[in-house]
Every structure is written in C-alpha cells, then in structure tokens.
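Architecture at a glance
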Amino acid sequence: MPVVSLQNLKKIYKLGDNDVHALRGVSLDVEAGEFVAIIGPSGSGKSTMMHILGCLDRPTEGKYLLNGVDVSGLSADDLAEIRNRQIGFVFQGFNLLARTSALENVEVPLLYSRPVIPPADRRARAGKALQAIGLGDRTDHHPNQLSGGQQQRVAIARALVNEPTLILADEPTGNLDSATSIEVMRILQELRARRNITIILITHEAEIAAYATRIVAVRDGVIISDTPNEPKSLLDDAPAAPMAAAARAASA
Amino acid sequence: MFNPLPALPMALAALLRNRNQAALAVIGVTIGVAALVTSMALGRGAQNALNDQLLAAGANVIVITSGNYRMDRGARPDPEATIGHAAFDAGALPTVVRPRLMLAAYSPGFPVGGNRFGGLLRQVHEEDDPMEMHDHPLAKERLGDMAAGLGSAATLTRDDARVLAEQVKGVKFVVSGVHENARVFVADSPEKRQWFTRLHGTEADLPQVRAGWVISRGRFLSPSDVDQSAQVMVLGRVVADRLFGEGVDPTGKTLTLWNQRFQVIGVVGSKSWAAQPVAGDDQFDAVYVPVTTVHRLLNLGKLNTVTVTTTSVGENAAVAKQIIDLLRERHGISEAEPDDFIVTSMAKQALGKGLPPELARAVGGNLERVEELTVEQLSGSLSRANQTMLVMLGSVAAVSLLVGGIGVTNLLLLSVTQRTREVGLRIALGARQSDIAAQFLLEAVLLSLIGGVLGIAIGVAASGGLESFFHWSATVSPLTALAAIAAALVLGIVAGVYPARRASELRPIEALRHE
C-alpha cells in the first residue's frame, strides 16, 4: 500500500473572475521509504500539491489517499489530527516560534496531541528528538541564538517528534547556504535510511533534487516526468557512526 | 479539553510583546472593576451602617420601667403615645432611663412629671436641698425602697430580670438597673474634688446593651463584682475628665460615694464621633456601680428599670408583648388591673433620629408598622442619596468595563494580526480550531483577570479611603470580590470571543505566507 496516493487530483482557484487551474489532474503513488523530490519552477503547481499533501488544503477534484485513507472527506478536526500524527512539516522559513527555546519549539506538536501528553513526557520526547539531530546541547537556546542550519535542524526535530510516517519539506534549503543545505539533506537521507521515513521534498533546485531517490517534475499543473534517481549519498559508509557526532562536526 | 497550563506562559509572553497596549487594556479593566468594587462596597456599607446605627442607637433595646404613673387615668398605657413623644424629643437618649414618678399612682392628684424627691420623701428628710439627700446617709438613715423614691410602686426585682432572661424568646441581654443622683468625691484629695452626677446601679452586661460604647480605660464591671456587691466604680468619660482631668487614667484611684470608698476600675466613652460625651448626659456624665452594691448600701431590694436587648430590631414588638404577659403573671395582676410597669421599645425612637422630616412623619404616623419593617426595607427607603451616588459609580463602572473590554478586544486583534504566521504554523502542526480559539480566549481572560485583581485592590483601597476621609461606610465583602472577579472573567470572555474566532478561522496556507 502506498503511503501517498494521488488520483487525478485537480485544484481550481478563483482569482477574481478567472479560474486558475493550479493542478490539472495529477496522479502519483509514493511508497514507504521513498525520498521523492518534486521539482518545478514557480507557478508550476508544486506548492499547491504540497498543501494538499499536507492536508492544509483540499483538492477540487480527485482523491488523496494517505496511508490508504481518503482524506478529502475528513472533518477539520480529523485533518488536524492527521497533520499532528502522520505528517511532519519542514518549511523554507523554519517557522520557529521566536523567544521560545528550541526544546519548547519541538514540543509544540505534542501540545496538540490527543490524548494529552503529560509535560514531563513532552519534554523528554522533545529532548530526544533534538538529540537525534545533534542539538542536544542547544535545548535552551532561542532561535535568534542559533545559526540558520541549526534552526532548520530544530524544525526537523519538531517534524520528527510525533514520529510521523511522512515528512513534507517545502524548499527546506531555500534560506541556507550550500554547505548547510548539504547538511540538511544529509539529515533527511539519514532519516530515510535509519527510520524508513517517507520524504517528499519540494524544490526548484536540481542540485537539491539530486539527493532524492525519485524526481518528479511538475509544470503547469501536470507531472511532466517521473524518474527514479541514484541519489548522491551523503551518508557515512560506516552506518554505526552516530548521526549526532557528524552533525556536531558539521556545525562546528 | 484544552489544557490552559502549557499555554499560560505563551499567553503571558504574547501579552508582554505588546506591553503598552496590554497595559492600556489592563488599566481600562482595572478602573472598571475598581469602580464596581467601590460601588458595591458603598452599597453594602450603607446597609451595614444603617444596621449598626440602628443597633448603636439602641433600636433593639426595650426598657421596662417600674411603676405606671398613667394608672390613674384608668387605662393601660398607650405605648404609641409614650414612644411618640420620645421619638421627636431631640435631646432624648436612645435608652430612656429617665426617672418616672412612681408615687403618683398611689396619690391621685399628684402632679404628673413632678419632682421625684417631693411628697413622701420630704417628710423623711429634713434637708432642704434634695440633691443632698442621698449623699451622706448614716447607717441608720439608709433608705428603704419606699424612701429611696422607688416607693411601693417599685415593682421590678432582680428575680423578674432573671426570669425574663430565662423565659422570653428573642432576648439577648437583660440588665437590672437602679438609678440615682449622687455626689462623688475624690478620696483623700485636700481640695475635696467632687462632681454631682447620675449613678447607675447595673450589671456586667450593660456594655453589650450600649452598642455605642467603648471601654476606653480599664474594664467594665464583672459578674463577680456584681455577685460580691463589690465597691468598684466605672466612670463615664465626663466624670473622669472632671474629677481627674482629661487624658489622666483614673483606674486604681479611689472615690467616695455615700461616705463609702469605691475603687475606679474603668472609664466608658462613646464609640461614635457623632455622640460626644457632654456634661449632663445620662450615659457619660454618670458613674456605674454594681446594682447589688447600691442595694446593699441603700438597703434597697427593687429596681427602677430592667433593660432588655432583642436579637433583632424586627422582634421588638413580639418580645415586648411576651414581657408584658410574663410580668403581669409574675406580679399577679388581674385582667381588670393595669400594668404596674411600663414597657418602652426604643426602636421607633431610634428610627426617628436623623430621618428627613417627611420620612420621620411617615414613621411617626405609622408607628405600629415600623417594628415590622426589616432593616433591609428601611435601608431601601433611607438611602436615596446613597443610591444616586451608587448609580453614578455604577455607570462609571459600566463605562470603564466597556472601555476596558474594547481595549482587550483591540489588543487581541492586534495580536492575531501579528501572530498570523504563528497561528498558521500551529494549525499545520496539528492545532484544532478550538485550540487556537482557546489560546486567544485565554489571553483575553488573563488580561482581564490581571485587571480584575488590580481593580479589587484599588477598589478596596478606595473604599478604605472614602471611609477614613469622608466617613462614608464602605464594606468590601468576600462576595464583592468574588463578583468582581466573575465580572472580569465574563468581560474577558466576551472581549476575547471575536478575536479568538478570527484567529481560529485563519486559513493555514495564507497564514503561513503572511509576513
């Protein structure tokens, strides 16, 4: 069963008197453990796809099955729970809460989990997530005390904290220099390799897409190509090397 | 359910981000709640003050006086007439213990209201000055009841008082009284300092009856003083000042009365600034000794008065009736005979004081009903000026609460705009609409609760200030504080609903793109 199954998805926006066809019939299956890069220029409809994939928007037509469940018919609260439990978001602008420690930022999704998670458990889980991406020593830092790469890693920890099956990364390297971009891609590759998490990455840069296992090109609301890719691996040959140590080395 | 605890620091942080606007909104709520608390305190204070005044004025006091000088009219006393006179006698003290002429009953034609030392007494004492009569009794001249002016009409006994206390329902305190005029001397003073004053033989409970009293020095008579007929004396403030000078503590000093030595054990003064002790008044230009001591030294056995307090003003009439029935039975008075005592309820007299004339007339003209009124009903009719002020303060409270509420709403709308991205993010991370709404509602409630607590503090301070500077009575009850907190809470919720709704209905995609 594919994690994500889009079936002839269409999305039409009303913009004044004009209908804007953002998606004109997109079909796509993503299996568990795939690292898919959706690539396309701005206006191609890739962001609209991302929003629908993230259950932040509903398609005008077509079906979206997430882990076999058709989400188009679900209520707002059910969608909120799906976003909370099954999807981890990583944004271009990090979207961390200002004046809030890294640990508290990572805790945010847990605040909205049902049943309620006790505060001590929340802290423990958030701490573990930060540790896993090599920021165990930065838990009390506020976003303005962290570098761009560190901030994006906090955001990744936040996406991971509820152990989702799918990570949606929307231009995660858009605000980062190339060295830090590579570091973020390495973490995503590692997540896929170690935890078998499905990753869908949206980007307009071919170099970033090269780290994925499959590249889907979108233009004018339709998929124009869908090819498997031999990824540029950033992983150490020795899988035992702890990810955290490598991350510290990179950020030092 | 939304759990507010983890959201609390967030809400606080959000408020601190816009601290100027938050401060303004809080000030609005604070003023509103403070005005609310003050107006409620004044309203309650007026009620309490009225009750206190009624009690202090002795509205719950019933005085039973020996004898019944109206007897020769062949009718039972008309209590309304008695009270009607007293009610508009400006000089009347609330507790009338004015001597009544008891002998008249048994000597028809004797002038009513005449000098109590006339007639019979003149034959016993040859001194011309009636004031001197009791001052130097030799042992053999000590007066019997007849000669002491109590006469055969002195019908009340301490047993009567005891039985009243035991058997009449609604009675709180019962105090026996013998009342004389007397000259007291400072013992062992070369210049023979002396003062002619009222002498009250009384009991230990008298201060409970006199709600307006304060024991300014020492103590009042104790039950054991009364039991042992001790030669101790409590001075009224005027007597203490005249004999020993103002500000001097006379306790422990010795006075002589009827050539007997009495130790001063205390001084009584007035609690109220409105009733300052003056020479010639019956309460503070007076000395108090145990009733048993007067009985022993003057060889008396009867009482002039028995003073009773009721548990509430409204019960006066019923208690008075019980007293009359009980005493008639105890005194063996048949149906045909009139009472040999007079029962005077002080309620109407007390109520008559300080009323606007038209209201006083209404009270005077409707005497029978007055005692049926409750204190609450009275306060309703007496506090018209008060109400005007309350309406004013109430409007201030309403307007400031409204302004405070608008301030809270305004601040929250600003906050929603500033934090649109945050709201979008939270929705993306799994927050439900209700979570978002609850977060903003929490901020609104937090804001107005801060204002509410500050408002209560200021309201309490303002009430205290009004009380001490203007002598307005203001009482902040726990209920008032509770009501104020409730008002702040409701205000916060009402003010927060619209912004919270706006926030929760944000569309996450646009919210996330918001700069």
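Residues numbered from 1 in each chain as written. Chains lettered and ligands numbered in written order. Predicted model: local features only at pLDDT ≥ 70, side-chain atom pairs only at ≥ 80, totals over all residues.

1. Re the overall build of chain A
This is how it is decided: A run of H or I in DSSP becomes a helix once it reaches four residues, and a run of E becomes a strand once it reaches two; helices and strands are each numbered from the N terminus. A residue is called partly exposed when the number of other C-beta atoms within 10 Å of its own lies between 12 and 20, exposed at 12 or fewer, and buried at 20 or more, with C-beta atoms placed from the backbone. Two residues form a contact once the distance between their C-beta atoms, set from the backbone, is within 7 Å.
Regarding its fold elements, chain A presents 8 helices and 10 strands. Put simply, chain A has 252 residues, and 48% of those count as buried. In chain A, 70% of the contacts between residues at least 6 apart in sequence involve partners at least 24 apart.

2. Quick notes on the overall build of chain B
Looking only at helices and strands, chain B features 19 helices and 10 strands. Across chain B, contacts joining residues at least 24 apart in sequence account for 82% of those joining residues at least 6 apart.

3. Here we look at the pairing of strand E9 (residues 305-310) of chain B
Residues and elements named next belong to chain B. Heads up, the condition is: Two strands qualify as a pair provided that DSSP identifies no fewer than 2 bridges between them.
E9 sits mainly inside the fold: 6 of its 6 residues count as buried. Residues Thr305, Thr307 and Thr309 line one face of E9 and the alternating positions Val306, Val308 and Thr310 line the opposite face, and both faces are buried. Relative to E9, strand E1 (residues 61-66) runs antiparallel, the two being bridged by 5 bridges. Residue pairing for E9: Ile62 is matched across the bridge by Val308.

4. Here's the deal with the nonpolar core
Threshold: The nonpolar core criterion groups buried Ala, Val, Leu, Ile, Met, Phe, Trp, Tyr and Cys residues into a set whenever they are joined through C-beta atoms within 7 Å.
The biggest cluster of nonpolar side chains holds 127 residues, and the ones touching the most others in it are Ile38(A), Ala157(A) and Leu447(B). In terms of residue count, helix H2 (residues 19-56) of chain B provides more of this core than any other element does, 13 residues in total. Residues Val61(B), Val168(B), Ala182(B) and Leu221(B) belong to the second largest nonpolar core, which totals 56 residues.

5. So, the interface of chain A and chain B
Put simply, the rule is: Only Asp, Glu, Lys and Arg are considered charged in this grouping, and only Ala, Val, Leu, Ile, Met, Phe, Trp, Tyr, Cys and Pro are considered nonpolar; every other residue, Gly among them, is considered polar.
In this complex, chain A contributes 20 residues to the contact, which on the side of chain B involves 16 residues. The greatest single-element share of the side of chain A that touches chain B, amounting to 6 residues, is contributed by helix H2 (residues 76-85) of chain A. In terms of residue class, the side of chain A that touches chain B is made up of 11 nonpolar, 4 polar and 5 charged.

6. Quick look at the packing of helix H3 (residues 102-111) of chain A against helix H5 (residues 148-160) of chain A
The relative placement of two packed helices comes down to the angle between their axes together with the axis-to-axis distance. All names here are of chain A. Inclusion rule: Axis geometry follows a simple rule: fit a line to the C-alpha atoms, using only the stretch in contact for helices, then measure angles between N-to-C directions, giving values from 0 to 180 degrees. Left-handed describes a crossing whose near helix is turned anticlockwise from the far helix through less than a right angle; right-handed describes the clockwise counterpart.
Where H3 meets H5, the closest approach of the two axes is 7 Å, and the angle between their N-to-C directions is 35°. Crossing of H3 against H5: the hand is right-handed. Residues Ala102, Asn105, Val106, Val108 and Pro109 of H3 form the contact with H5, whose own contacting residues are Val154, Ala157 and Arg158. Taken together, the residues of the contact of H3 with H5 break down into 6 nonpolar, 1 polar and 1 charged.

7. Observations regarding the environment of Thr203(A)
All names here are of chain A. Along the chain, Thr203 falls in strand E8 (residues 198-203). Of the residues examined, Thr203 has 26 C-beta atoms within 10 Å and is grouped as buried. For the pair formed by Thr203 and Pro172, sequence separation is 31 residues and the distance between their alpha carbons is 8.0 Å. In this structure, Thr203 is in contact with Ala37, Ile39, Glu171, Ile208 and Ala209, ignoring residues within four places of it in sequence.

8. Quick notes on the sheet that holds strand E10 (residues 222-228) of chain A
Residue and element names in this part refer to chain A. Across the sheet, which stays open at both edges, the 6 strands sit in the order E6-E7-E8-E3-E9-E10 with mixed pairing between neighbours. Because the sheet does not close on itself, it has two edges, and the strands there are strand E6 (87-90) and E10. Adjacent strand axes in the sheet meet at a mean angle of 15°, parallel and antiparallel pairs treated alike. As paired strands, E6 and strand E7 (residues 166-170) are joined by 4 bridges and run parallel to one another. Pairing of Phe89 across the sheet is with Leu168, part of E7.

9. Notes on the packing of H5(A) against helix H6 (residues 178-195) of chain A
All names here are of chain A. Rules: Our angle categories are set so that under 35 degrees counts as roughly parallel, over 145 as roughly antiparallel, 65 to 115 as roughly perpendicular, and the remainder as oblique.
For the pair H5 and H6, the least separation of the axes is 9 Å and the interaxial angle reads 20°. By the angle between their directions, the pair H5 and H6 is classed as roughly parallel. For the crossing formed where H5 meets H6, the hand is right-handed. Here Gly148, Gly149, Gln152, Arg153 and Ile156 of H5 come into contact with H6, specifically with Thr180, Glu183, Val184 and Ile187.

10. Focus on the confidence of the model for chain A
Should the pLDDT be low somewhere, the predicted coordinates at that spot are not to be read in detail. Residues and elements named next belong to chain A. Put simply, the rule reads: A score from 0 to 100, pLDDT tells how confident the predictor is in each residue.
Across chain A, the average pLDDT comes to 89, with 94% of residues at or above 70. Averaged pLDDT values over the elements of chain A bottom out at 50 in helix H8 (residues 243-251) and peak at 95 in strand E3 (residues 35-39). Under a pLDDT of 50 for its full length, residues 238-242 has, in the predicted model, 2 contacts with residues more than four places off or in other chains.

11. Quick look at unusual backbone geometry
With an omega dihedral of -5°, the bond running from Arg114(A) to Pro115(A) counts as a cis peptide bond. By the secondary structure assignment, Pro115(A) is in the loop between H3 and helix H4 (119-132). Unlike most non-glycine residues, Asn259(B) shows phi in positive territory, near 65°. For Asn259(B), the position within the fold is in the loop between strand E6 (254-257) and strand E7 (260-270). The exposure class of Asn259(B) is exposed, given the 12 C-beta atoms found within 10 Å.

12. Describing the sheet that holds strand E1 (residues 4-15) of chain A
Spatially, 4 strands are ordered E2-E1-E4-E5 (chain A) in an open sheet, and the strand pairing comes out antiparallel. Here the strands that pair on one side only, and so sit at the sheet edges, are strand E2 (18-30) and strand E5 (69-70) of chain A.

13. Considering helix H8 (residues 237-244) of chain B
Most of H8(B) is tucked away, with 6 of its 8 residues classed as buried. Where H8(B) is concerned, the buried positions are Arg237(B), Val238(B), Val239(B), Ala240(B), Asp241(B) and Leu243(B).

14. Examining H4(A)
All names here are of chain A. Worth spelling out the cut-off: Between the first and last residue of a helix there are one fewer steps than residues, each counted as 1.5 Å, and that sum is the expected span. Throughout, the arc means that of the directions going from the helix axis to the C-beta atoms.
The terminal C-alpha atoms of H4, which comprises 14 residues, lie 20 Å apart, in line with the 20 Å expected from a rise of 1.5 Å per residue. All buried positions along H4 are accounted for by Arg122, Arg125, Ala126, Ala129, Leu130 and Ala132. Looking straight down H4, one finds its buried side chains confined to an arc of 160°; they lie on one side. Among the exposed residues of H4, those oriented more than 90 degrees off its buried face are Ala120 and Ala124.

15. Re the pairing of E6(B)
All names here are of chain B. With burial as the criterion, only one face of E6 is covered, namely that bearing Leu255 and Leu257; the residues Thr254 and Thr256 on the opposite face remain uncovered. Where strand E2 (residues 171-186) meets E6, 3 bridges bridge the pair, whose relative direction is antiparallel. Of the residues in E6, the one forming a bridge with Phe185 is Thr256. Bridging between E6 and E7 involves 4 bridges; their strand directions are antiparallel. Within E7, the residue paired with Leu255 across the bridge is Phe262. Joining the antiparallel neighbours E6 and E7 is a turn of 2 residues, in which Trp258 adopts a positive phi near 50°.

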